[in-house]
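Below, each chain spelled out in residue letters.
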Amino acid sequence: MTWLFLKALLVGVSFLGCFYPLVDFYFNGETRGQKPNFVIILADDMGWGDLGANWAETKDTANLDKMAAEGMRFMDFHAAASTCSPSRASLLTGRLGLRNGVTHNFAVTSVGGLPLNETTLAEVLQQAGYVTGMIGKWHLGHHSSYHPSFRGFDYYFGIPYSHDMGCTDTPGYNHPPCPACPQGERPARSTDRDCYTDVALPLYENLSIVEQPVNLSSLAQKYAEKATQFIQRASTSRRPFLLYVGLAHMHVPLTGTPLSADLRGRTPYAAGLREMDSLVGQIKDKVDCTAKENTFLWFIEASSEVKRRPELSVKEPTASCPFSGGSSAKQTTWEGGHRVPAVAYWPGRVPVNVSSTALLSVLDVFPTVVALAGASLPRGRRFDGLDASEVLFGGLQTGHKVLFHPSSGAAGEYGALQTVRLEHYKAFFITGGAKACDGSVGPEQHHEPPLIFNLEDDVAEAVPLERSSAEYERVLPRVREVLASVLEDIARDNISRVDYTRDPSVTPCCNPHRIACRCQTSP
């Protein structure tokens, strides 16, 4: 009996020994075959030089600098537009505003939003089996079907537009400052600038307003808590997930966060940078603890404001802005208006401590994520981005050969193609200054023939090429050719139309019977 038992045991162990590789392959194969998770963090009005990995004099982004050291930093990454709604529309559709229709910002009273016939990244991934979440600033329409809960997101927590588009009890730092929301029956104070004093800024959770006015000083921590909760729940469900986080930083007003010991004595801008960096660090830590090997984290910027890199500054004079950290380039297509910080992080996939010189754009997020998710691009429309997988994983140092930037209203017609980037050459057909602290705007100028800069030799765009030079005459025909080609392509595309009409009745308000639509979160 003993001999028979030992023989059976030996056969069983031998069988398990043969079966073990199959078991190991099955489980490892299941892990390798899982669809990747995506976390896309979009900052707002952060300057290229505000990232310490980009400019060593910046000491306020320790978590982002660490992420860059553990991943890939992009040196020539660009926003799709230099204002809020157009840049977000391009991120979520992979299409320029001339195609998706969003050419300028939506207002508090806007009836419409991102056209409903445009397919968002969240909708594509939702159909591919992903659980999707959006936390933070939306700014693509809040009324009716334009709300993020109807645009592919299973969960939403955030504000419907920019946090300077509604009064709060914690107005933060701005120059000149906007007043706090009126209390009791006290009417709103009139101001000499674009301050929203009548309706408080709302905070949504899904379709419900949970706080109005939102407390800006605690908003960053709320975002961190909701983001980490979403990652945990999605990971527990074993479903792949997409989390899109639209930060308020570094858009003004800068939040009046109580300064901790390590922030005392720092400027409000530096304190804001550190608060934003801490928020990003909390999200990254949660990813590392739950789904590190299977999650692609991409930190990018919506539009730049040239905070701390003088050679990326605007050329037209603007007033000094004490809380913006430097001259503003927003609403322009100078490099300071749309060259933005970007960092990609995916342990085991994205190489460590690499600085990529590839010319990439926010437009590339859509096709890249769709490809990595194994999904298909929506049919019946053309896209302006490219799948950047070979840059991210293959070490390719070339991206776009041509990049276009539309006007955002400071200069030229809304949606007009203002600049053409052809390799390291940049041609301006329209120039105009950003809005300065005093409300003035630089003069609009049309250039025919265009101004052309060689960014390889002149990143500050200080001196255009002489029109009579051989270099200019060699580049000009190529610029004209690519511009004509893209305009023809857009004309033949399925172009969306946006409803920009306004109606006070669509203003988000949790309690119209209380001044400023005031309500607070239930205990």
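All of these numbers come straight from a predicted model, not from anything done at the bench. (Residues numbered from 1 in each chain as written. Predicted model: local features only at pLDDT ≥ 70, side-chain atom pairs only at ≥ 80, totals over all residues. Heavy atoms only, no water.)

Participant: Explain the pattern of salt bridges here, please?
Facilitator: Side-chain pairing between opposite charges can occur once the charged atoms of the two side chains come close. Enumeration according to the criterion identifies 25 salt bridges in this entry. Among the ionic pairs, glutamate 211 bridges to lysine 222, the shortest N-O distance being 3.0 Å. With glutamate 211 in strand β7 (residues 208-211) and lysine 222 in helix α6 (residues 219-237), the pair connects residues that are 11 residues apart, well separated along the chain. Under the relative-accessibility criterion, glutamate 211 is labelled buried at 8%. (Salt bridge = Lys/Arg side-chain N within 4 Å of Asp/Glu carboxyl O. Helix = DSSP H or I, 4+ residues; strand = E, 2+ residues; numbered from the N terminus. Buried < 20%, exposed > 50% of the residue type's maximum accessible area, 1.4 Å probe, protein only.)

Participant: Please clarify how the packing of α6 against helix α7 (residues 268-290) should be interpreted in this entry.
Facilitator: Running from N to C, α6 and α7 point in directions that differ by 10°, and their axes come no closer than 10 Å. The angle between α6 and α7 places the two elements in the roughly parallel class. When you trace α6 past α7, the crossing you get is right-handed. Contact residues: Ala220, Gln221, Tyr223, Ala224, Ala227, Thr228, Ile231, Gln232 and Ser235 in α6; Glu275, Leu279, Gln282, Ile283, Lys286, Val287 and Thr290 in α7. (Axes fitted to C-alpha atoms, helices over the stretch in contact; angles between N-to-C directions. Parallel < 35°, antiparallel > 145°, perpendicular 65-115°, else oblique. Left-handed = near helix turned anticlockwise from the far one by under 90°. Contact = heavy atoms within 4.5 Å.)

Participant: Which parts of the structure should I look at to understand the state of the cysteines?
Facilitator: The final tally for this structure, using the stated rule, is three disulfides. Shown here is the disulfide that connects cysteine 167 with cysteine 181, its sulfur atoms set 2.1 Å apart. With the S-S bond torsion at 105°, the cross-link from cysteine 167 to cysteine 181 turns out right-handed. Taken together, the residues span a long stretch of sequence, with cysteine 167 in the loop between β5 (155-158) and β6 (203-205) and cysteine 181 in the loop between β5 and β6 at a distance of 14 residues. Through a disulfide, cysteine 510 is tied to cysteine 519; the S-S separation comes to 2.1 Å. Around the S-S axis, the bridge from cysteine 510 to cysteine 519 shows a dihedral of about -125° and counts as left-handed. Classification of cysteine 510 as partly exposed rests on a relative accessible area of 28%. (Disulfide = S-S within 2.5 Å.)

Participant: What should I look at first to understand the sheet that holds strand β15 (residues 417-422) in this one?
Facilitator: Across a sheet, paired strands are connected by hydrogen bonds in the backbone, their directions being either parallel or antiparallel. Within the open sheet, the four strands sit side by side as β14-β15-β16-β17. Their pairing is antiparallel. Each edge of the open sheet is held by one strand with a lone partner, namely β14 (402-406) and β17 (445-454). Within the sheet, the average angular offset between the axes of one strand and its neighbour, ignoring direction, is 15°. Contacts from helix α11 (residues 470-491) reach β14, β15, β16 (425-431) and β17 within the one sheet, and its direction differs from that of β17 by about 120°. (Pairing = 2+ DSSP bridges.)

Participant: Hey, could you run me through the side chain of histidine 78 in this one?
Facilitator: For histidine 78, the location among the structural elements is in strand β3 (residues 77-78). The exposure class assigned to histidine 78 is buried, which follows from its relative accessible area of 0%. Of note is the side chain of histidine 78, whose polar atom sits 2.7 Å from the side chain of aspartate 76. Not counting the four nearest positions on each side in its chain, histidine 78 is found in contact with Glu335, His338, Arg339, Val340, Leu359, Leu360, Ser361, Val362, Leu403, His405 and Arg421. (Polar contact = N/O pair within 3.5 Å; in protein donor to acceptor, adjacent residues only side chain to side chain.)

Distances and angles like these do not, on their own, reveal function.
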